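Each chain, letter by letter, is given below.
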Amino acid sequence: MMTRSITVPCSSEASAAVGTSVFSRLAAALRVPLWHEAQAFRQRREVERHPLWHIPPLEVTGLPVLLVGGMGSTPTLLSPLQELLRRLECRVRVAPVRFGIGCGEATAGIVEGALADLVQSTSAPVVVIAHSRGGQFARAVAVRRPELLHGLITLGSPLTRMLAVHPLLKAHIAALGAAGAIGAPGLLRPGCLWGACCAPLRADLSGPFPRTVPFLSIYSRNDRIVDWRSCLDPAARHHEVTTSHGGLIWDPASLIAVVEELAALTRTTRVAADKPPDPSHFAA
């Protein structure tokens, strides 16, 4: 008679392993956005090992670029994209959208002001690169002031539906709106979705886009924050990458797409071969 030895882990180790496994599966099943983003964020530093970081593939000396962050954006979150643009010798500024949680129309006005200032200081039209909700502000400004833009690139921006986001984020937005409704300064309000204050913004999001402004929308079907379908603005060209919502700012696949668009906008020949991201660089 054959016998088998079975190793049974101690109860505490087994409980921890089972708990972690169950939580991971539950989070994935519910598509909890912060869980996915936290896992992806761990790989962010690995980007610096990619050839794109060490051999700038393009030189567009002096090209003015305005970065527009989305809801909850900070200089730290935008820093990978900002650093790459500086390596390409761009003149980069970040629009002061103050975490992107204010009234949409008012914030669009702030972006327009920052854009006008950069155009004035450089005497040249500007390439606007906007992430998430920032793309809504940027599209509206492009409709209003097309003469100020050299091109528009959006990254994971919900353009065809303002609230095409994860239910948990909708709850967060509702809480901000409630606080704004009772007078908390600097916050959006429920009326921003249907009231008069943001009627111009809503009109410019759904209205015709100027043909004189090249428009690229970069998106990911793996985006857990924004419904990728809402990124498919009929007026834009579409470029799909595989990454998280936050990864659209730092993932090599997204950054390469940005570089390619800058090359097309400036009619500049790339100085390094296009190398797709090496999967081994991102091994767990």
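Attention here is on the structure that accompanies the text. This is a predicted model, so every value here is computed, not measured.

### Topic: the overall build of the protein chain
Okay, step 1: Along the backbone of the protein chain there are 11 helices and six strands.
Okay, step 2: Burial status across the protein chain gives 46% buried among its 284 residues.
Okay, step 3: The long-range fraction of contacts in the protein chain, counting pairs at least 24 apart against all pairs at least 6 apart in sequence, stands at 73%.
Okay, step 4: Of the roughly 14300 Å² of accessible surface on the protein chain, a fraction of 59% belongs to carbon and sulfur atoms.

### Concerning the environment of Val241
Okay, step 1: Relative to the elements of secondary structure, Val241 occurs in strand β6 (residues 237-241).
Okay, step 2: Exposure remark for Val241: the relative accessible area of 5% places this residue in the buried category.
Okay, step 3: Note: C-alpha distance between Val241 and Asp251 (10 residues apart in sequence) is 9.2 Å.

### Here we look at the pattern of salt bridges
Oppositely charged side chains can pair when the atoms bearing their charge come close.
Okay, step 1: Under the criterion given, the structure shown has 10 salt bridges.
Okay, step 2: In this structure, the salt-bridge partner of Arg144 is Glu105, at a minimum N-O distance of 2.8 Å. Here Glu105 lies in helix α5 (residues 104-122) and Arg144 lies in helix α6 (residues 134-144), a separation of 39 residues in the sequence.
Okay, step 3: A residue is classified by how much of its surface remains accessible, and Arg144, at 26% relative accessible area, is partly exposed.
Okay, step 4: The shortest N-O distance in the salt bridge between Arg237 and Glu261 comes to 2.6 Å. Taken as a pair, Arg237 in strand β6 and Glu261 in helix α11 (residues 252-266) lie far apart in primary sequence, 24 residues in all.
Okay, step 5: Connected through salt bridges with shared partners, the residues Glu105, Arg144 and Asp204 form a single ionic network.

### Thoughts on the packing of α6 against helix α9 (residues 199-206)
Okay, step 1: At a minimum axis distance of 8 Å, the contact between α6 and α9 shows a crossing angle of 80°. When the axes of α6 and α9 are compared, the pair comes out roughly perpendicular. Here Gln136, Arg139, Ala140, Val143 and Arg144 of α6 lie close against α9, whose contacting residues are Pro200, Leu201, Asp204, Leu205 and Ser206.

### Structural notes on the packing of α5 against α6
Okay, step 1: Taken N-terminus to C-terminus, the directions of α5 and α6 make an angle of 60°; their axes are 9 Å apart at the nearest point. α5 and α6 meet at a crossing whose hand is right-handed. When α5 is examined against α6, the residues Gly104, Glu105, Thr107, Ala108, Val111, Glu112 and Leu115 are found in contact with a partner set consisting of Phe137, Val141 and Arg144.
Okay, step 2: Partitioned by chemical class, the residues of the contact of α5 with α6 number five nonpolar, two polar and three charged.

The rules behind the values
Residues numbered from 1 in each chain as written. Predicted model: local features only at pLDDT ≥ 70, side-chain atom pairs only at ≥ 80, totals over all residues. Heavy atoms only, no water. Helix = DSSP H or I, 4+ residues; strand = E, 2+ residues; numbered from the N terminus. Buried < 20%, exposed > 50% of the residue type's maximum accessible area, 1.4 Å probe, protein only. Contact = heavy atoms within 4.5 Å. Areas by Shrake-Rupley, 256 points an atom, 1.4 Å probe, with all protein chains shown as cover. Salt bridge = Lys/Arg side-chain N within 4 Å of Asp/Glu carboxyl O. Axes fitted to C-alpha atoms, helices over the stretch in contact; angles between N-to-C directions. Parallel < 35°, antiparallel > 145°, perpendicular 65-115°, else oblique. Left-handed = near helix turned anticlockwise from the far one by under 90°. Nonpolar A, V, L, I, M, F, W, Y, C, P; charged D, E, K, R; others polar.

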